[in-house]
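# Coordinates in review
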Amino acid sequence: MDRLLDVVQRTWGYTGLRSLQLEAMTAALDRRDSLVVLPTGGGKSLCYQAPALLSDQLTVVVSPLISLMKDQVDRLLSRGVPAAFLNSSLDTADRNRVQAGVARGDYKLLFVAPERFAAGGFTRLLEAGKAGAFAIDEAHCISHWGHDFREEYRDLGQLKDLFPDASVHAFTATATPRVRKDIIEQLRLKDPALLVGDFFRPNLRYRVERRGDAFEDALKIIRAHPGAAGIIYCIRRADVDELAADLKRARVRAAAYHAGMDDDARTRTQDRFAAGEVDVIVATVAFGMGIDRADVRFVIHAAMPQSLEHYQQESGRAGRDGQPADCVLFHSGQDYRLWESLMKKSEAADLDERKKLLSAMYSYCTGGGCRHRRLVEYFGQAWSRGPCGACDVCSGSLAVRPDSTVLAQKILSAVARTGQRFGAAHVADVLVGKKTDKVAQYGHDTLSTFGLLAGDDKPAIIGWIDQLEAQEILLREGEYRVLKITGQGNAVLRSQAEAVLHVAGPAKAARGKAKTPDEPPVDAPEEVAPSADDAALFEQLRQLRRRLAEERGVPAYMILSDKTLRLISKQRPATREALLAISGIGTIKLQEFGKAFLSAVKAARE
Ligand code: ADP
Ligand code: ZN
């Protein structure tokens, strides 16, 4: 334990460990297999990097993200950790150099892509290099039940045969209980330590709104966070390009990022964001894995993502520094249909599975339960808190429909008239008056409730049904999720009890209906504002950092993070010891940059 804390302090400058990091590291040191599920930003990398430093064997890190490996390795090297990577981007000379290094035992950590294992001779190389542990990053990629299955990951099932003495440690940010089980089975983990972190991120303020105009929606939130870092996710590349261009025209320091751009352009954008030259990235899902900008103050979804796994991961990139951040999701019923058609077009083998994930995402948007709770429970954790205090539902900022009870009665009538034998989708079809085959087959188009909510759309109605379920007015039963009316529901039908239904997000887009007067404002971050002097010093330190970065030809964040600079500007250390006590500064950083930053602080004092 002491040795661990010591190496973490010396190499990374961290003064403590985060939740479950110690347990994960202990498993690695004990050479016990493990599955570590921590939310994005939870600090997974440290869980395998720190033990690797204390081991005399090689730790092999398997990651699908080739484009990030160089960066990860550079960062380790800048902390004095011997590390290397092997992937298709290396030329023959470099590959030979690294392979020789592995065979000689030069490295503590070796990063490789999963497809490496298919290459001849690789296993022998790792044997020669005394590979003692494997860390599998993004381990959910091995499972079909996840949202990001990758064929290459299948081969990793052989690791246990090939290296019977090595321990295998799986890491992921997103794994439902079913995916977890699958990871353990596929990787054939032996009696693994199962470490599942807390997915509740109280500093993230979640909110869902119906989309009006994507540009204006986004701008409103950007304006509430002047100069702060943010990410905006869109579904399609064309949407990314258009929104980024519009924002630039509105003088927002924005940049586009998607898979249609070439590697260089993407790397440049990523670096400029990391260096603070770009504030807002407009991106498709391609952006974000491994982004190490901890001070992202907002993540906007300009449209609904395709699964809660995606949403959790993408929105989780906000506020990794623990400071308040806003996660706002804008959606419309069109998003569901767009995803559905994209999925059909992609001819995915797991189409049904993916549609289920999509439906769960959709009901998050339209349902009326606490957002935090919904996310936490989705990932298999029980919710033992009361209202979260950090979402639109719990803070009561959602507009309540004035005619809630009447609306609920209409929905309940449709459930009753169809005999309490059908699921939400069918009941919604009846209410909007859609003559589907099923509606015709059961003669439900002749019911008095047919077309009773003809002016509303089906997604909104399903959302209200979700809300009624949350209030125990309706319940879903059995395999077919058939809707039943509860005792409370009967009371509502007889007007002896009330229902509260909110429009899914502020009602601005609810066609033709009255606009709700009070849209919830995006409140400013609750952090204590730095004094003017601190802010001035912070700016000077940033300039110093930029100069140091330029001299070395590395991105600015590789020198020191914003958070560390902010701490320096606030605490104004006068000695090397005081500087070393600041989070983010270890002995290596101290050696390299200590003098420069101490003199900048001193100059500000004079
Ligand atoms: P994940 O891979 O789980 O998303 P990372 O490993 O990228 O998370 O870590 C997220 C951020 O937290 C990084 O900036 C990292 O430097 C920081 N971090 C990790 N562990 C600690 C710790 N014990 N103390 C302070 N900062 C930490
Ligand atoms: Zn809540």
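Throughout, a residue's number is its position along its own chain's written sequence, starting from 1. Each chain is given a letter, starting from A, and each ligand a number, starting from 1, according to the order in which they appear as written. Reporting in this predicted model follows two pLDDT cut-offs: at least 70 for local features of residues, and 80 or more for side-chain atom pairs to be given and counted; totals over whole chains, interfaces and linings ignore these cut-offs and use all residues. Water and hydrogen atoms play no part in the side-chain values, which are based on all heavy atoms of the structure.

## Overview of the coordination of the zinc ion (ligand 2)
Metal-coordinating donors are taken as N, O and S atoms lying within 2.8 Å of the metal, or within 3.2 Å when the metal is Na, K or Ca; because water is left out, some sites can appear incomplete. Around the zinc ion (ligand 2), the protein contributes the donor atoms C370 (SG), C388 (SG), C391 (SG) and C394 (SG), which lie 2.3 to 2.4 Å from the metal centre. A four-donor site is classed as tetrahedral when every donor-metal-donor angle falls between 85 and 135 degrees; four donors are called square planar, and six octahedral, when trans pairs exceed 155 degrees and all remaining angles lie between 65 and 115, with any other arrangement labelled irregular. Around the zinc ion (ligand 2), the 4 donor atoms are arranged such that angles at the metal cover 103 to 118 degrees; this shape is classified as tetrahedral. On the primary sequence, the residues serving as donors to the zinc ion (ligand 2) are separated as C-x17-C-x2-C-x2-C. Look at C388 and you get buried, because its relative accessible area is 14%. When its relative accessible area of 26% is taken as the criterion, C394 is described as partly exposed. In this scheme, a residue with accessible area under 20% of its type's maximum is buried, one over 50% is exposed, and one in between is partly exposed, where area comes from a 1.4 Å probe on protein chains only.

## Some points on the sheet that holds strand β1 (residues 34-37)
One open sheet holds the 7 strands; their spatial order is β3-β4-β2-β5-β6-β1-β7, and the pairing between them is parallel. Looking along the sheet, the strands with just one partner apiece sit at the ends: β3 (83-86) and β7 (193-196). In this sheet, neighbouring strand axes are inclined to one another by 15 degrees on average, regardless of whether the strands run parallel or antiparallel. Should any heavy atoms of two residues lie within 4.5 Å, those residues are counted as being in contact. Between the N-to-C directions of two axes lies an angle of 0 to 180 degrees, each axis being a line fitted to C-alpha atoms and, for a helix, fitted only over the stretch in contact. Strands here are runs of E lasting at least two residues and helices are runs of H or I lasting at least four, both read from the DSSP assignment and numbered beginning at the N terminus. With respect to the sheet, helix α8 (residues 177-186) is in contact with β1, β6 (167-172) and β7, its orientation differing from that of β1 by roughly 150 degrees. DSSP-based pairing: two strands are paired if at least 2 bridges between them are found.

## Structural notes on the pairing of β1
Side-chain alternation along β1 places S34 and V36 on one buried face and L35 and V37 on a second face that is also buried. The pairing of β1 with β6 spans 4 bridges and is parallel. Across the sheet, residue V36 finds its bridge partner in β6, namely F171. Pairing of β1 with β7, which is carried by 4 bridges, proceeds in the parallel orientation. From the neighbouring strand, L35 faces β7, where its bridge partner is L194.

## Re the domain arrangement of the protein chain
Once the domains are mapped, the protein chain shows domain 1 (2-196), domain 2 (204-385), domain 3 (402-500) and domain 4 (532-605). Domain start and end points were adopted from an automatic or database domain assignment. Distance from the C-alpha centre of domain 1 to the C-alpha centre of domain 3: 50 Å.

## So, unusual backbone geometry
Of note in the backbone geometry, R251 takes a positive phi value of approximately 65 degrees without being a glycine. Within the secondary structure, R251 is located in the loop between α10 (237-249) and β10 (254-257).

## With respect to the pairing of strand β11 (residues 280-283)
Residue alternation in β11 divides its side chains into two sets, V280 and V282 and I281 and A283, and both sets are buried. Inspection of the sheet shows strand β9 (residues 229-233) paired to β11 by 4 bridges, in the parallel sense. Paired with I231 across the strands is I281, a residue of β11. Pairing of β10 with β11, which is carried by 4 bridges, proceeds in the parallel orientation. Within β11, the residue paired with A255 across the bridge is I281. One crossover worth recording links β10 to the parallel β11 by way of helix α11 (residues 263-274), and it is right-handed. Handedness of a crossover is defined as follows: orient the strands so they point away from the viewer, and if the path from the first strand over the helix to the second runs clockwise, the crossover is right-handed.

## Things to note about helix α16 (residues 404-417)
Given 3.6 residues per turn, any residue in an α-helix points the same way as the ones three and four places further on. Its 14 residues place the ends of α16 20 Å apart at the C-alpha level, agreeing with the 20 Å of an ideal helix rising 1.5 Å per residue. Regarding α16, the residues found buried are S404, T405, L407, A408, Q409, I411, L412, A414 and V415. The inward-facing, buried residues of α16 contact α17 (424-432), α19 (458-470), β14 (474-477), β15 (482-485) and α20 (487-493). Within two residues after α16, G419 carries a phi angle of roughly 85 degrees, on the positive side. Between the first and last residue of a helix there are one fewer steps than residues, each counted as 1.5 Å, and that sum is the expected span.

## Remarks on the site of ligand 1
Each residue is tested against the molecule or strand, and it is near if at least one of its non-hydrogen atoms lies within 4 Å. Lining the immediate surroundings of ligand 1 are 15 residues, of which Y14, G16, G41, K44 and S45 lie closest. Two N or O atoms count as a polar contact when they lie within 3.5 Å, although within protein this holds only if one can serve as hydrogen donor and the other as acceptor, and sequence-adjacent residues are included solely when both atoms are side-chain atoms. The separation between an oxygen atom of ligand 1 and a polar side-chain atom of R18 is 2.9 Å. One of the backbone N or O atoms of G43 is found 3.0 Å from an oxygen atom in ligand 1. Calculation of accessible area relied on Shrake-Rupley with a 1.4 Å probe; when residues are assessed, cover is drawn exclusively from the protein chains displayed. Its free accessible area being 570 Å², ligand 1 has 80% of it covered by the protein chains. Counting residues per element, the shell around ligand 1 draws most heavily on helix α3 (residues 44-54), which supplies 3 residues. By the convention adopted, Pro, Cys, Tyr, Trp, Phe, Met, Ile, Leu, Val and Ala count as nonpolar, Lys, Arg, Asp and Glu as charged, and the other residues, Gly among them, as polar. Partitioning the shell around ligand 1 into residue classes produces 4 nonpolar, 7 polar and 4 charged.

## Here's the deal with the packing of aromatic side chains
Within 6.5 Å between ring centres, the rings of Phe, Tyr and Trp (the latter by its six-membered ring) count as paired, and their orientation is classed by plane angle as stacked under 30 degrees, edge-to-face over 60, tilted in between. Counted according to the given criterion, the structure contains 11 aromatic pairs. Ring centres of F117 and F134 lie 6.2 Å apart, and the angle between their planes is 55 degrees; on these two criteria the pair is classed as tilted. Remark: F134 occurs in strand β5 (residues 131-136) and F117 occurs in the loop between β4 (109-112) and α6 (122-128); sequence separation between them is 17 residues. Like F117, the residue F134 is buried in the burial classification.

## Thoughts on the confidence of the model for the protein chain
For the protein chain, per-residue confidence averages 87 on the pLDDT scale, and 94% of positions sit at 70 or higher. Summary of the metric used: pLDDT quantifies the predictor's per-residue confidence within the range 0 to 100. Note that pLDDT drops below 50 for residues 505-528; the model gives that stretch 48 contacts with residues more than four away or on any other chain.

## A closer look at the nonpolar core
One broad rule of soluble globular proteins: the nonpolar side chains tend to lie buried together. Counting 111 residues, the largest nonpolar core has L126, F134, I136 and Y364 as the members making the most contacts within it. Counting the residues that make up this core, at least three belong to each of domain 1 (2-196) and domain 2 (204-385). Residues contacting L126, with those up to four places away along its chain left out, are L58, V60, L110, F117, A131, F134 and F163. As used here, the term nonpolar core means buried Ala, Val, Leu, Ile, Met, Phe, Trp, Tyr and Cys residues forming a set that is joined through side-chain atoms within 4.5 Å. I411, L412, V427 and L501 belong to the second largest nonpolar core, which has 28 residues in total.

## What about the sheet that holds β11?
Strand order in the open sheet formed by 6 strands is β8-β13-β12-β9-β11-β10, with parallel pairing between adjacent strands. The sheet is open, and its two edges are formed by β8 (204-210) and β10, each paired on a single side. Across this sheet, the average inter-strand angle for adjacent strands is 15 degrees, counted without regard to direction. Relative to β10, α10 is tilted by about 170 degrees, and along the sheet it contacts β9, β10 and β11. Relative to the sheet, helix α14 (residues 351-366) contacts β8 and β13 (325-331), its axis offset from that of β13 by approximately 105 degrees.

## Brief notes about the environment of K434
Position of K434 relative to the elements: it lies in the loop between α17 and α18 (437-441). Since its relative accessible area comes to 45%, K434 is described here as partly exposed. With 10 residues separating them along the chain, K434 and H444 place their C-alpha atoms 9.9 Å apart. Not counting residues within four places of it along the chain, the set of residues in contact with K434 comprises D429, V439 and F450.

## A closer look at the pattern of salt bridges
The working definition used for a salt bridge is a side-chain nitrogen of Lys or Arg within 4 Å of a carboxyl oxygen of Asp or Glu. Counting across every chain of the model gives 35 salt bridges. Between E209 and R207 there is a salt bridge, with its nearest N and O atoms 2.9 Å apart. R207 gets classed as buried once you look at its relative accessible area, which sits at 7%. Notably, a salt bridge pairs D466 with R476, separated by 3.0 Å at the nearest N-O pair. Remark: R476 occurs in strand β14 and D466 occurs in helix α19; sequence separation between them is 10 residues. With relative accessibility at 11%, the residue D466 sits in the buried group. You can call R476 buried: its relative accessible area is 18%. Three or more residues are tied together by salt bridges with common partners; here these are R207, E209 and K220.

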